[in-house]
Amino acid sequence: MLSSDKNHQIDRNRIESTTIIAIRTPENCKGVVASDGQATMEDTVVKNNTNKVRVLYDGDVLAGFAGSTADAMTLFDKFEGKLEQYSGKLERAAVELTKEWRTDKILRKLEALMVVVNSESLLLISGAGDVLRPDHNVIGIGSGGSYALAAARALLDHSQLSPVEVARESLLLTSSIDVYTNDQLSIESIEW
């Protein structure tokens, strides 16, 4: 456990003990969010087939989370409300969510990261106020995020695999490296 001060402790494994990969391929008109299924408590596997990916806004937006399940469910609900409020405008909804996440007395204690994708954007959203668009239309988060990101970028650049196949293969590779990632995958995709 890391501690920034006596009253505020951050359990890094709550945020990082999973792997999520999100891909947006404008040339193929596809978006994919995939996750492993492992849920851990400290160093114990509690469940093998947890779904960390959601389809939102009538099938137009995909979202994945790394972090506490209860926190993520709260954020999914809040984010979907922001999508409704701003007529599906992903970036506006993300910015408004982070504003509320940072300023609300209860929400600012939530520990999670989200990735979201639609036909126009791929974003990483955090409680620190981050709304980031990656340079290469792929994001990896969680303990195996950097492994999955590297694998996905290589496969996108040097193979003929579809975005769904790239997500699957990058997570399977990650599951052979990262102890907090398993091979029980949840994959959602959208086309536009």
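Thresholds applied
Residues numbered from 1 in each chain as written. Predicted model: local features only at pLDDT ≥ 70, side-chain atom pairs only at ≥ 80, totals over all residues. Heavy atoms only, no water. Helix = DSSP H or I, 4+ residues; strand = E, 2+ residues; numbered from the N terminus. Rg over C-alpha atoms; globule rule 2.2 N^0.38 Å. Buried < 20%, exposed > 50% of the residue type's maximum accessible area, 1.4 Å probe, protein only. Areas by Shrake-Rupley, 256 points an atom, 1.4 Å probe, with all protein chains shown as cover. Lys, Arg positive; Asp, Glu negative; His and termini not counted. Charge placed at Lys NZ, Arg CZ, Asp CG, Glu CD. Pairing = 2+ DSSP bridges. Axes fitted to C-alpha atoms, helices over the stretch in contact; angles between N-to-C directions. Contact = heavy atoms within 4.5 Å. Parallel < 35°, antiparallel > 145°, perpendicular 65-115°, else oblique. Left-handed = near helix turned anticlockwise from the far one by under 90°. Nonpolar A, V, L, I, M, F, W, Y, C, P; charged D, E, K, R; others polar.

Draft legend 1. View of the overall build of the chain. Looking only at helices and strands, one finds five helices and 13 strands in the chain. A globule of 192 residues ought to have a C-alpha radius of gyration of about 16 Å, and the chain, at 16 Å, matches this closely. By the burial criterion, 43% of the 192 residues in the chain qualify as buried. Put simply, the chain shows about 9,900 Å² of open surface, and 45% of that area lies on carbon and sulfur atoms. Side-chain charges of the chain comprise 20 positive and 28 negative groups, with the mean position of each set lying 7 Å from the other.

Draft legend 2. Layout of the sheet that holds strand S13 (residues 186-191). One open sheet accounts for four strands, arranged S12-S3-S4-S13; its pairing is antiparallel. The open sheet has two free edges, formed respectively by strand S12 (138-142) and S13, since each of these has just one partner strand. On average, each strand axis in the sheet is tilted by 10° relative to the strand beside it, whichever way the strands run. As judged from the five bridges shared by strand S3 (residues 19-25) and S12, these two strands associate in the antiparallel manner. Along S12, the bridge assignment pairs isoleucine 20 with isoleucine 141. The sheet contacts of helix H4 (residues 145-158) involve S3 and S12, and relative to S12 the element is tilted by about 160°. Running at roughly 155° to S3, helix H5 (residues 163-175) makes contact with S3, strand S4 (30-35) and S13 of the sheet.

Draft legend 3. Local environment of the sheet that holds strand S8 (residues 61-67). Reading across the sheet, the five strands line up as S7-S8-S9-S10-S11 and stay open at both edges, with antiparallel pairing between neighbours. Whereas interior strands pair on both sides, the edge strands pair on one side only; in this sheet they are strand S7 (53-56) and strand S11 (131-132). Bridge count between S7 and S8: four bridges; the pairing is antiparallel. Within S8, the position partnered with leucine 56 by the bridge is valine 61. Packed onto the sheet, helix H2 (residues 69-85) meets S7, S8, strand S9 (112-117) and strand S10 (122-126) and runs at close to 150° relative to S8. Packing against the sheet, helix H3 (residues 90-103) makes contact with S8, S9, S10 and S11, and its axis sits at approximately 5° to S10.

Draft legend 4. Main features of the packing of H2 against H3. At their nearest, the axes of H2 and H3 sit 8 Å apart, and the two run at 130° to each other. Classified by the angle their axes make, H2 and H3 are oblique. Once H2 is placed against H3, the crossing between them reads as right-handed. Seen from H2, the contacting residues are Leu75, Lys78, Phe79, Lys82 and Leu83; seen from H3, they are Leu90, Ala93, Ala94, Glu96, Leu97, Glu100 and Trp101. Grouping the amino acids of the contact of H2 with H3 by side-chain chemistry returns eight nonpolar, no polar and four charged.

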